[in-house]
Amino acid sequence: METTKVVLGNVRGEIQLFSDGKKAGKMDISVIKDKLTVYHTEVDDEYAGNGFAKILLDKLVAYARENNLKIVPLCPYVHAQFKRHPEEYNDVWFKEEA
């Protein structure tokens, strides 16, 4: 069974994904004021192809919504998902004003 946990220090932290009690993946994040920056998404090779990155993304977005945060998607995976499915993520996607 998969579970997720948000672990934040002062500013930097992780969203951790566990499968049957073993850490299977994580997202490196930081929260400053009303912005949550996601830098990197990583899933261990033995869990690849099981949709674990999407589970992490869902937790990231839920956490941002619960805490009224906007997500800065520096992570290539998260940025690609936001671009691919803007209707799902526009409410939490931080976009620089041009």
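As the structure is a computational prediction, the values presented were derived from the model and not from experiment.

Asker: Which parts of the structure should I look at to understand helix 2 (residues 76-84)?
Answerer: Since the α-helix turns once every 3.6 residues, residues separated by three or four places project in the same direction. Inspection of helix 2 places V78, Q81 and F82 among the buried residues, and these make up the whole buried set. Each buried residue of helix 2 lies within a common arc of 100° when the element is viewed along its axis, so the set occupies one face. Those residues of helix 2 that are exposed and aimed more than 90 degrees away from the buried face are P76, K83 and R84.

Asker: Is there a simple way to explain the pairing of strand 1 (residues 2-8) in this structure?
Answerer: Side-chain direction in a regular strand flips from residue to residue, so the side chains alternate between the two faces of the sheet. Taken together, the seven bridges between strand 1 and strand 2 (residues 12-19) define a ladder with antiparallel strand orientation. What sits directly across from L8, in strand 2, is G13. Turn length for the strand 1-strand 2 hairpin, with the two strands adjacent in sequence and antiparallel, is three residues.

Asker: What should I look at first to understand the sheet that holds strand 3 (residues 22-32) in this one?
Answerer: To summarise the sheet geometry, strands pair through backbone hydrogen bonds and adopt either a parallel or an antiparallel arrangement. As summarised here, the arrangement of the five strands in space is 1-2-3-4-5, forming an open sheet in which the pairing is mixed. On the outer flanks of this sheet lie strand 1 and strand 5 (70-73), each paired with one strand and no other. Across the sheet, the axes of successive neighbouring strands diverge by a mean angle of 25°, strand direction being ignored. Of the pairings in the sheet, the one linking strand 2 to strand 3 comprises eight bridges and is antiparallel in character. Note that in strand 3 the partner of S19 across the bridge is K22. Sheet contacts for helix 1 (residues 52-66): strand 1, strand 2, strand 3, strand 4 (35-43) and strand 5; angle to strand 4, the most-contacted strand, approximately 165°. This element, helix 2, spans strand 3, strand 4 and strand 5 of the sheet and lies at about 115° to strand 5.

Cut-off values and rules
Residues numbered from 1 in each chain as written. Predicted model: local features only at pLDDT ≥ 70, side-chain atom pairs only at ≥ 80, totals over all residues. Heavy atoms only, no water. Buried < 20%, exposed > 50% of the residue type's maximum accessible area, 1.4 Å probe, protein only. Helix = DSSP H or I, 4+ residues; strand = E, 2+ residues; numbered from the N terminus. Arc of directions from axis to C-beta. Pairing = 2+ DSSP bridges. Axes fitted to C-alpha atoms, helices over the stretch in contact; angles between N-to-C directions. Contact = heavy atoms within 4.5 Å.

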